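For reference, the chains in residue letters:
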Amino acid sequence: MDNTKIAAILGTGHYVPKKRLTNADLEKIVDTSDEWIVTRTGIKERRIAAPEEATSDLAAEAGRRALEAAGIKADELSLIIVATVTPDTSFPSTACLVQKKLNAGQVPAFDLAAACSGFLYGVELARQMINTGSQKYILVIGAEVLTRITDYEDRGSCVLFGDGAGAAVIGPGKVSGHGIIDCIMGADGNFSEPLALPAGGSRLPASHETIDAHLHYMKIQGRAVYKLAVTHIVEVVRDLLARNQIDPKAIGMYIPHQMNLRIMEAAADRLGITMEQVYVNIEKYGNTSAASIPIALDEAVRNGQVKNGMDMVLVAFGSGLTWVASLLRW
Ligand code: ACO
């Protein structure tokens, strides 16, 4: 690859299930209100997968749309990465199921587990592999059916989550200097407890007891997560922009993981930027974990808000803890 050309996002796509779960629907299930949910989170509705839909179905459709947008055929791919915490099954990987659904031949495929940071972790892997010339076109997908691991008896968490998938084809950029410029990733396993799915793995395999105790559903300590999220998002964005000598105010668009509108507002405030610079669609989809950034990116691209030459920051925070921020020049 010409060394002035860097890995870039060549096309994006997303897919969300048709069925909407509104705040009014949730009022019938748990003791909550539209007013509480909107003021505390910004969420008005979220999508919920049909019973026959699993993560690979959503992922494949988002992937198909991203390939179409990039003008790349599935059999031209050199790798498929699916970031998810809700794989169809522990194994085979969801990425292998997506490979089959896309008729992508025998292209290598694997899942990546970094929770809400998964998509951007995948983009960073793809960027490095493309910049070294070892791979040509990599499909990175973030896809989740979180409603299958959501406890609809826990009002503190069930109002937050939704289903969806977003994807991007990463390949050699066409314009010098435009593409994925830099990325910082981080993790801290000391804080693994506040956001977890306790059972179903090797620590607590499925049993009648784990099912009775609702341990196959996400457990979140909302308050603690809220504070950690704001701190890490602000820190990683500051570090990324400082080492690239860019003022946070000069960024054309920030796409943060959509976990709570108030978290995005608090982070924006601390960074000294305005909410006009921040892309928000949480009102429609809630928190879709690894899918939230690629869904938002694809929306912003398709509705014309992403302009050529625009500097963008994509930033995620999630279970692990994990965090990541990527700097792009579109
Ligand atoms: N409806 C009405 N009342 C509620 C609800 C609800 N759905 N949920 C909680 N409450 C009550 C609580 O019981 C509490 O009542 P109390 O004061 O009588 O005890 C009160 O509202 C305040 O509760 P808090 O938890 O302090 O509310 P907070 O303002 O922190 O908002 C929230 C809670 C929305 C969860 C927020 O903390 C948050 O967004 N945290 C981060 C979200 C998160 O963890 N996301 C998971 C990411 S993991 C992943 O993406 C896979």
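No experiment lies behind these values; they were computed from the predicted model shown. (Residues numbered from 1 in each chain as written. Predicted model: local features only at pLDDT ≥ 70, side-chain atom pairs only at ≥ 80, totals over all residues. Heavy atoms only, no water.)

Enquirer: Lay out the domain arrangement of the protein chain in plain terms, naming residues and giving numbers.
Expert: Along its sequence, the protein chain is organised into domain 1 (7-175) and domain 2 (180-329). Placing the centre of domain 1 and that of domain 2 at their C-alpha centroids yields a distance of 14 Å. Summed over both partners, the interface of domain 1 with domain 2 buries about 3900 Å², with 63% contributed by carbon and sulfur atoms. For domain 1, the biggest contributors to the area lost against domain 2 are Cys-116, Leu-120 and Tyr-121; these three give 18% of the whole. The interface formed by domain 1 and domain 2 holds zero salt bridges in total. Taken together, domain 1 and domain 2 are joined by 22 residue pairs in polar contact (both at pLDDT 80 or more). (Domains from an automatic or database assignment. Buried area = accessible area lost by both parts, 1.4 Å probe. Salt bridge = Lys/Arg side-chain N within 4 Å of Asp/Glu carboxyl O. Polar contact = N/O pair within 3.5 Å; in protein donor to acceptor, adjacent residues only side chain to side chain.)

Enquirer: Describe the environment of Met-129, listing the residues and the values that go with them.
Expert: Tracing the backbone through its elements, the reader meets Met-129 in helix 5 (residues 118-131). Discounting chain neighbours no more than four positions away, the residues touching Met-129 are Leu-79, Ser-134, Gln-135 and Ile-138. (Helix = DSSP H or I, 4+ residues; strand = E, 2+ residues; numbered from the N terminus. Contact = heavy atoms within 4.5 Å.)

Enquirer: An account of the side chain of Thr-55 is requested, with residue identities and associated values reported.
Expert: Looking at the element boundaries, Thr-55 is found in helix 3 (residues 55-70). For Thr-55, a relative accessible area of 2% translates into the label buried. One polar contact links the side chain of Thr-55 to the main-chain carbonyl oxygen of Thr-86, over a distance of 2.5 Å. If near-sequence neighbours (up to four positions away) are discounted, Thr-55 is found in contact with Thr-84, Thr-86, Asp-88, Thr-94, Ala-143, Glu-144 and Val-145. (Buried < 20%, exposed > 50% of the residue type's maximum accessible area, 1.4 Å probe, protein only.)

Enquirer: Let's hear about the site of the ligand: which residues, and what values?
Expert: Around the ligand sit 23 residues in total, of which Thr-32, Arg-40, Cys-116, Arg-223 and Asn-260 are the nearest. Here a nitrogen atom of the ligand sits 2.6 Å away from a polar atom, N or O, in the side chain of Thr-32. Taking 1000 Å² as the accessible area of the ligand by itself, protein coverage stands at 75%. Listing elements by their share of the shell around the ligand, those giving two or more residues are helix 2 (34-41), helix 6 (155-158) and helix 8 (222-243). Across the shell around the ligand, the residue classes break down as 10 nonpolar, eight polar and five charged. Formed jointly, the shell around the ligand draws a minimum of three residues from each of two domains, domain 1 (7-175) and domain 2 (180-329). (Near = heavy atom within 4 Å. Areas by Shrake-Rupley, 256 points an atom, 1.4 Å probe, with all protein chains shown as cover. Nonpolar A, V, L, I, M, F, W, Y, C, P; charged D, E, K, R; others polar.)

Enquirer: Any details on the side chain of Thr-12? Residues and values, ideally.
Expert: Structurally, the position occupied by Thr-12 is in strand 1 (residues 7-15). A polar atom in the side chain of Thr-12 sits 2.7 Å from the side chain of Asp-298. If near-sequence neighbours (up to four positions away) are discounted, Thr-12 is found in contact with Arg-65, Ala-66, Ala-69, Ala-167, Ala-168, Leu-297, Asp-298, Val-301 and Arg-302.

Enquirer: Requested: an account of the pairing of strand 11 (residues 253-256), with residues and values cited.
Expert: Residue alternation in strand 11 divides its side chains into two sets, Met-253 and Ile-255 and Tyr-254 and Pro-256, and both sets are buried. Of the strand pairs in this sheet, strand 11 and strand 12 (residues 311-318) are connected by four bridges, and their pairing is parallel. Across the sheet, the residue bridging to Tyr-254 is Val-313, located in strand 12. (Pairing = 2+ DSSP bridges.)

Enquirer: Tell me about the nonpolar core, and name the residues and values.
Expert: Ile-9, Ile-170, Met-253, Ile-255, Met-312 and Leu-314 are the most contacted members of the largest nonpolar core, which has 33 residues in total. The element contributing the most residues to this core is helix 5, with six residues. Shared between two domains, this core holds at least three residues of each, these being domain 1 (7-175) and domain 2 (180-329). What Met-253 contacts, discounting residues up to four positions off in sequence, is Gln-277, Tyr-279, Ala-300, Gln-305, Val-306, Met-310, Asp-311, Met-312 and Val-313. (Core = buried A, V, L, I, M, F, W, Y, C linked by side-chain atoms within 4.5 Å.)

Enquirer: Hey, could you go over the pairing of strand 7 (residues 163-172) for me, with residue numbers and the actual values?
Expert: Counting buried positions along strand 7 gives nine out of 10 residues, so the element sits mostly inside the fold. As judged from the eight bridges shared by strand 1 and strand 7, these two strands associate in the antiparallel manner. For Tyr-15, the partnering residue across the bridge sits in strand 7 and is Ala-165. Where strand 6 (residues 138-145) meets strand 7, eight bridges bridge the pair, whose relative direction is antiparallel. Residue Glu-144 lies in a different strand from strand 7, and its bridge partner there is Gly-164.

Enquirer: So what's going on with the sheet that holds strand 4 (residues 79-83)? Which residues, and what values?
Expert: Reading across the sheet, the five strands line up as 1-7-6-4-5 and stay open at both edges, with mixed pairing between neighbours. With partners counted over all chains shown, the strands left at the sheet margins are strand 1 and strand 5 (109-112), one partner each. With direction set aside, neighbouring strand axes in the sheet form an average angle of 20°. As paired elements, strand 4 and strand 6 share five bridges and run parallel to each other. Opposite Val-82, over in strand 6, you have Ile-141 as the bridge partner. Helix 11 (residues 292-302) rests against strand 1, strand 6 and strand 7 of the sheet, and its axis sits at about 100° to strand 1. (Axes fitted to C-alpha atoms, helices over the stretch in contact; angles between N-to-C directions.)

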